[in-house]
Amino acid sequence: MNSFDRQQVENELRKFVGGKVFVHSEATSYVFVRNFRMNLKEARVAGGERGSFRVAFRFDEQGWLRMEGLTHYEVDSEGHLLLAGYDDHGRMDVALHLGREAFPE
């Protein structure tokens, strides 16, 4: 994965705004959501001052999903945007993935 580059991530997020997307989101020991389908109305990136970022999705004009602590990103061969946050020991703490097609179960 690449270190989080705000401009690159914002460019990749724009490709998904205005369409139906599938979301995979998890935070170690806290939450796991797989193939949550939504109409993505807006995507925002904030932070970076302390080395990690926040990404928020507005969906169906009625709700938000926000993930904090993101440090890395990648676009895979299938066009999925993969965002992740790693701790000081290289362990993944959070993940937020976006795709046009459902993720494998």
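Structure's up top.
None of these values were measured; they are calculated from a predicted model. (Residues numbered from 1 in each chain as written. Predicted model: local features only at pLDDT ≥ 70, side-chain atom pairs only at ≥ 80, totals over all residues. Heavy atoms only, no water.)

A. Quick peek at the nonpolar core. F4, L13, V55, F57, L83 and L98 are the most contacted members of the largest nonpolar core, which totals 22 residues. Every element with two or more residues in this core is listed here: helix 1 (6-14), strand 2 (20-27), strand 3 (31-47), strand 4 (53-59), strand 5 (63-70), strand 7 (81-86) and strand 8 (92-99). If one sorts the elements of this core by residue count, strand 4 sits on top with four residues. In this view, F4 contacts V9, V45, F53, V55, L70, T71, H72, Y73 and L83; residues no more than four positions away in its chain are not counted. (Core = buried A, V, L, I, M, F, W, Y, C linked by side-chain atoms within 4.5 Å. Buried < 20%, exposed > 50% of the residue type's maximum accessible area, 1.4 Å probe, protein only. Helix = DSSP H or I, 4+ residues; strand = E, 2+ residues; numbered from the N terminus. Contact = heavy atoms within 4.5 Å.)

B. Spotlight on the pairing of strand 4. In terms of burial, strand 4 is largely enclosed, as five of its seven residues are buried. Relative to strand 4, strand 3 runs antiparallel, the two sharing seven bridges. Directly across from A43, in strand 4, lies its bridge partner F57. Counting the residues between successive antiparallel strands, the hairpin from strand 3 to strand 4 contains five residues, one of them, G48, with a positive phi of roughly 105 degrees. Where strand 4 and strand 5 come together, six bridges link them in antiparallel fashion. If you follow F57 over to strand 5, its bridge partner there is L65. Counted between consecutive antiparallel strands, the loop separating strand 4 from strand 5 contains three residues, among which D60 sits at a positive phi close to 50 degrees. (Pairing = 2+ DSSP bridges.)

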